[in-house]
Amino acid sequence: MSDPRALTLTDFPVHRPVTTRWSDNDMYGHLNNAVYYELFDSAINGWQAEHLTIDPMTDPTQGVVAESSCAFYAEVAFPTPLVVGIRVVRLGTSSVTYQLGLFVDPDRSPGADAAIKALGHWVHVEIDARSRRSTPIPAHLRALMETAVTGP
């Protein structure tokens, strides 16, 4: 896809409804940039927690963010219901690259605008919890990630 603004929610195999709060709006009346990163992080971790038993305090491996970015295409603000689309665009031995699309949730907003509002780029590296060095993604986690693999 040459223009990421042409992405739609159907381009993302996983959909995670997200909730914003009044305090997420900044002085300009739209979501503060940092909130987008919180929504993306919560969407990925919520998706994993819904399908797998993960305990970051006791699991032998942990996924840590090694790289992130966000392209902002249109403003959104509380209380607009939103959804994060998740897709895996690269699945390596010890890392995964996600694309995350932020959309107005068509299931919770009558007459929703289908245009992408922001596109996140998120790289998780799996590390050994003790040594803090990269390690292969565990099979159960890899299997879940494979369900969201698409092309870039």
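Source: prediction; values computed, not measured. (Residues numbered from 1 in each chain as written. Predicted model: local features only at pLDDT ≥ 70, side-chain atom pairs only at ≥ 80, totals over all residues. Heavy atoms only, no water.)

1. A closer look at the layout of surface pockets
Reported here for the largest pocket is a volume of approximately 350 Å³. Counting residues per element, the ones that place at least two in the lining of the largest pocket are helix H1 (33–51), strand S2 (61–72), strand S5 (118–128) and helix H2 (139–146). In terms of residue class, the lining of the largest pocket is made up of nine nonpolar, seven polar and three charged. (1 Å grid on protein atoms, 1.4 Å probe; cavity = no way out; pocket = protein on both sides within 12 Å on 5 of 7 lines; lining within 4 Å. Points joined across faces, edges and corners; volume = space filled by probe spheres on them. Helix = DSSP H or I, 4+ residues; strand = E, 2+ residues; numbered from the N terminus. Nonpolar A, V, L, I, M, F, W, Y, C, P; charged D, E, K, R; others polar.)

2. Here we look at the side chain of histidine 30
With respect to the helices and strands, the residue histidine 30 is situated in the loop between strand S1 (14–18) and H1. For histidine 30, the side chain forms a polar contact with the side chain of glutamate 75, separated by 3.2 Å. (Polar contact = N/O pair within 3.5 Å; in protein donor to acceptor, adjacent residues only side chain to side chain.)

3. Some details on the packing of aromatic side chains
Using the criterion set out here, one finds six aromatic pairs in the structure. Between tyrosine 36 and phenylalanine 72, the aromatic rings sit 4.8 Å apart at their centres with planes inclined by 85°, giving edge-to-face as the arrangement. Here tyrosine 36 is found in helix H1, whereas its partner phenylalanine 72 is found in strand S2, with 36 residues between them in sequence. Residue class for tyrosine 36 comes out buried when judged on its relative accessible area of 3%. Among the aromatic residues, those joined into a cluster by ring pairs are Tyr37, Phe40 and Trp122. Across the ring face of phenylalanine 12, the terminal group of arginine 87 is positioned such that the distance to the ring centre comes to 5.2 Å. (Phe/Tyr/Trp six-rings, centres within 6.5 Å; stacked < 30°, edge-to-face > 60°. Buried < 20%, exposed > 50% of the residue type's maximum accessible area, 1.4 Å probe, protein only. Lys NZ or Arg CZ within 6 Å of the ring centre and 35° of its normal.)

4. Some thoughts on the environment of serine 109
With respect to the helices and strands, serine 109 occurs in the loop between strand S4 (95–104) and S5. Residue classification places serine 109 among the buried residues on the basis of a relative accessible area of 15%. Considered as a pair, serine 109 and asparagine 32 are 77 residues apart in the sequence and their alpha carbons are 21 Å apart. Aside from chain neighbours lying at most four places away, what touches serine 109 is Pro81 and Val104. (Contact = heavy atoms within 4.5 Å.)

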